[in-house]
Amino acid sequence: MTATTFHQAISTLQSHGYVSNSVLHQECGNISMKLITRGVRLEIGSSQRERHCSRKTSGSIQASSSSYQTSESNPISIPSNGTNKDPSKKPSEAALILIRHGESLWNEKNLFTGCVDVPLTKKGVEEAVEAGKRISNIPIDMIYTSSLIRAQMTAMLAMTQHRRKKVPIVMHDENEQAKAWSQIFSEETKKQCIPVVTAWQLNERMYGELQGLNKQETADKYGKEQVHEWRRSYDIPPPNGESLEMCAERAVAYFKEQIEPQLQAGKNVMIAAHGNSLRSIIMYLDKLTSQEVISLELSTGIPMLYIVKEGKYIRRGSPAAPTEAGVYAYTKNLAKYRQKLDEMLH
Ligand SMILES: O=C(O)[C@H](O)COP(=O)(O)O
């Protein structure tokens with residue numbers, strides 16, 4: 001399927017009013033589209049691997065490329081939570097990128113991982129770099145990751161590909177000394193940095209007594225249905241672990257308290273986290289029901305773009321490779337940002 005056919009397909013669906021309830025999905029160099037409405041799933045084109053399945057969205061588009069503000073006392077600390085209070089200013093728009101970490105050593109071994117802190121495999125490293133290429137033209141002012149190394153590796157590896165070449169700097173706010181000792185004393189340097197905030201609240205759901213067990217062996221022992229219920233249901237926890245609902249209580253609360261105000265203030269944010277912490281956040285963003293979230297699956301290392309505008313989250317699918325011009329994921333403002341990068345780098 002060519003990019004032109006892909007765009008024609010989208011236009012046709014838009015003219016039939018489907019895009020407000022669709023999922024658009026692209027693979028690098030191999031474009032496919034999935035439209036999933038309640039109960040109906042339509043796939044157009046083909047991709048080599050079944051990478052990513054997701055659900056509905058609504059609304060329209062646009063994003064800005066504002067850079068993050070610094071504060072005097074802790075310059076590359078998190079910008080204040082204030083939203084745009086000047087009524088003469090246009091409402092802020094922002095880009096939100098969600099990315100599940102690349103393949104970990106326990107993904108590879110098919111072991112339940114949860115909060116065990118396992119690093120990426122070589123393939124996971126490559127997935128993170130590839131993801132970075134796909135978002136290399138999208139403005140990023142702040143990065144949030146879980147406290148687990150696989151999410152942090154993913155964020156950092158992805159940022160090695162970003163064309164703006166700002167330096168992601170991990171914030172150390174654990175105590176006053178850590179804060180003081182990690183200060184930067186050059187305004188110029190600060191402008192070229194992106195704060196990276198690590199938060200345990202974005203960690204993978206705690207898998208309880210399943211952590212370290214083989215997924216297939218567990219299904220053989222307890223039955224496929226039981227294991228599917230533990231892995232995908234909303235409110236049934238695995239033995240002594242967290243259900244998705246429990247995971248959402250911390251992950252979505254963190255998103256609302258810490259990340260949402262940044263987006264509302266026009267900051268472009270990337271979140272590198274986990275299958276289930278991101279499922280719970282997507283459930284919130286896409287207003288999925290506890291039934292709908294059962295079929296939401298996230299693949300490793302695939303970035304997903306949302307545009308945040310007027311308090312709405314508008315899913316724009318997974319950005320394609322930067323070499324593909326005119327990609328649907330670029331809004332007017334994102335296109336402008338990309339153009340600025342082109343000018344800056346030539
Ligand atoms: O914690 C794990 O094992 C995985 O990262 C997510 O597992 P799941 O697909 O079984 O929820």
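Counting from 1, residues in each chain are numbered in the order their sequence is written. With pLDDT at 70 or above as the cut-off, local features in this predicted model cover only qualifying residues; side-chain atom pairs require 80 or more to be listed or tallied, and sums for whole chains, interfaces and linings still use all residues. The basis for the side-chain values is all heavy atoms of the structure; hydrogens and waters are excluded.

- As annotated in an unreviewed UniProt entry, the protein chain carries the name phosphoglycerate mutase (2,3-diphosphoglycerate-dependent) and is attributed to Tanacetum coccineum.
- UniProt positions are given in the numbering used here, feature names are shortened, and annotations may be inferred rather than shown by experiment. The record held by UniProt for the protein chain lists under Sequence similarities (unreviewed entry) the comment "Belongs to the phosphoglycerate mutase family. BPG-dependent PGAM subfamily."

Describing the packing of aromatic side chains
Part 1: For Phe, Tyr and Trp, rings pair up if their centres lie within 6.5 Å, where Trp contributes its six-membered ring, and each pair is then called stacked (planes under 30 degrees apart), edge-to-face (over 60) or tilted (otherwise). Enumeration according to the criterion identifies six aromatic pairs in this entry.
Part 2: With centroids separated by 6.1 Å and ring planes inclined at 75°, the aromatic side chains of Y144 and Y254 adopt a geometry described as edge-to-face. Linking Y144 in strand β4 (residues 142-145) with Y254 in helix α9 (residues 244-264), this pair joins segments that are 110 residues apart in sequence. Across the pair, Y254 and Y144 agree in class, each one buried. Working definition: helices are DSSP H or I runs of at least four residues, strands are E runs of at least two. Numbering for both runs from the N terminus. The rule is simple: take the accessible area with a 1.4 Å probe, protein chains only, and divide by the maximum for that residue type; under 20% is buried, over 50% is exposed, in between is partly exposed.

Some details on the packing of helix α3 (residues 122-134) against helix α4 (residues 149-159)
Part 1: Between the N-to-C directions of two axes lies an angle of 0 to 180 degrees, each axis being a line fitted to C-alpha atoms and, for a helix, fitted only over the stretch in contact. The interhelical angle for the contact between α3 and α4, taken along N-to-C directions, is 45°, at an axis separation of 7 Å. By the criterion of interaxial angle, the relationship of α3 to α4 is oblique. Where α3 crosses over α4, the handedness of that crossing is right-handed. The segment α3 lies against α4, with V125, A128, V129 and G132 engaging M153, T154, L157 and A158.
Part 2: Of the residues that constitute the contact of α3 with α4, the class distribution is six nonpolar, two polar and no charged. Under this scheme an angle from 65 to 115 degrees is roughly perpendicular, one under 35 degrees roughly parallel, and one over 145 degrees roughly antiparallel; angles in between are oblique. Throughout, a crossing is termed right-handed when the near helix is turned clockwise from the far one, and left-handed when it is turned anticlockwise from it by less than a right angle. In what follows, residue pairs with any heavy atoms lying within 4.5 Å of each other are defined as contacts. Nonpolar residues are Ala, Val, Leu, Ile, Met, Phe, Trp, Tyr, Cys and Pro. Charged residues are Asp, Glu, Lys and Arg, and all others, Gly as well, are polar.

As for helix α8 (residues 224-232)
The periodicity of an α-helix, 3.6 residues per turn, causes residues three or four positions apart to be oriented the same way.
Part 1: Those residues of α8 that sit buried are V227, W230 and R232. One side of α8 holds all its buried residues, which, seen down the axis, span an arc of 170°.
Part 2: Packing partners of the buried residues in α8 comprise α7 (215-222) and α10 (275-285). Note that the arc is defined by the directions from the helix axis to the C-beta atoms.

Re a negative patch on the surface
Part 1: A cluster of acidic residues, E229, D235, E245 and E249, forms a negative patch on the protein surface.
Part 2: You can see E245 is positioned in helix α9. A patch is a set of surface residues, each over 30% in relative accessible area and not in a salt bridge, joined within 9 Å for like charges and within 5 Å for the nonpolar side chains Val, Leu, Ile, Met, Phe, Trp and Tyr. Calculation of accessible area relied on Shrake-Rupley with a 1.4 Å probe; when residues are assessed, cover is drawn exclusively from the protein chains displayed. Whenever a carboxyl oxygen of Asp or Glu lies within 4 Å of a side-chain nitrogen of Lys or Arg, that contact is scored as a salt bridge. Only four residue types enter the charge count, namely Lys and Arg as positive and Asp and Glu as negative; His and the chain termini do not. Charge coordinates come from a single atom per side chain, which is NZ of Lys, CZ of Arg, CG of Asp or CD of Glu.

Section: the pattern of salt bridges
Part 1: If you walk through the whole model with that rule in mind, you get 10 salt bridges.
Part 2: Two residues, K122 and E126, come together in a salt bridge whose shortest N-O distance is 2.9 Å. Residue K122 and its partner E126 are located together in helix α3, separated by four residues, close to a single helical turn.
Part 3: The shortest N-O distance in the salt bridge between R250 and E242 comes to 2.6 Å.

Digging into the packing of α7 against α8
Part 1: Following both chains from N to C, one finds α7 and α8 inclined at 125°, their axes separated by 6 Å at the closest point. By the angle between their axes, α7 is oblique relative to α8. Across the interface between the two elements, K215, T218, A219 and Y222 of α7 pack against K224, Q226, V227, W230 and R231 of α8.

Some remarks on the site of the ligand
Part 1: The environment of the ligand is made up of R100, L111, F112, T113, G114, E204, Y207, K215, R231, R232 and N276.
Part 2: Between an oxygen atom of the ligand and a side-chain N or O atom of R231, the distance comes to 2.6 Å.
Part 3: Here an oxygen atom of the ligand and a side-chain polar atom of R232 are 2.7 Å apart.
Part 4: The class makeup of the residues in the shell around the ligand is three nonpolar, three polar and five charged. The cutoff for a nearby residue is simple: one of its non-hydrogen atoms must lie within 4 Å of the molecule or strand. Here a polar contact is recorded for every N or O atom pair within 3.5 Å, except that within protein the pair must consist of a potential hydrogen donor and a potential acceptor, and residues adjacent in sequence are included only if both atoms are side-chain atoms.

Points about the sheet that holds β4
Part 1: Should DSSP find at least two bridges between two strands, the strands are regarded as paired. Across the sheet, seven strands lie side by side as β5-β6-β4-β7-β3-β8-β9; this open sheet has mixed pairing. Strands at the two margins of the open sheet, each flanked by one partner only, are β5 (167-170) and β9 (312-315). Going across the sheet, the axis of each strand differs from the next one's by a mean of 25°, ignoring polarity.
Part 2: In this structure, β5 lies alongside strand β6 (residues 193-198), joined through four bridges in parallel fashion. Pairing of I169 across the sheet is with P195, part of β6.

Some thoughts on the pairing of strand β8 (residues 303-309)
Part 1: The buried count for β8 comes to seven of seven residues, which makes it a mostly enclosed element.
Part 2: On β8, burial covers both faces: P303, L305, I307 and K309 on one face and M304, Y306 and V308 on the other are all buried.
Part 3: Bridge count for strand β3 (residues 93-100) against β8 is seven bridges, and the pairing is antiparallel. Bridged to I97 within β8 is L305.
Part 4: As defined by bridge partners, β8 adjoins β9 across four bridges and the pair is classed as antiparallel. Opposite V308, over in β9, you have Y313 as the bridge partner.
Part 5: Here β8 folds back onto β9 in antiparallel fashion, the turn holding two residues, of which E310 has a positive phi close to 50°.

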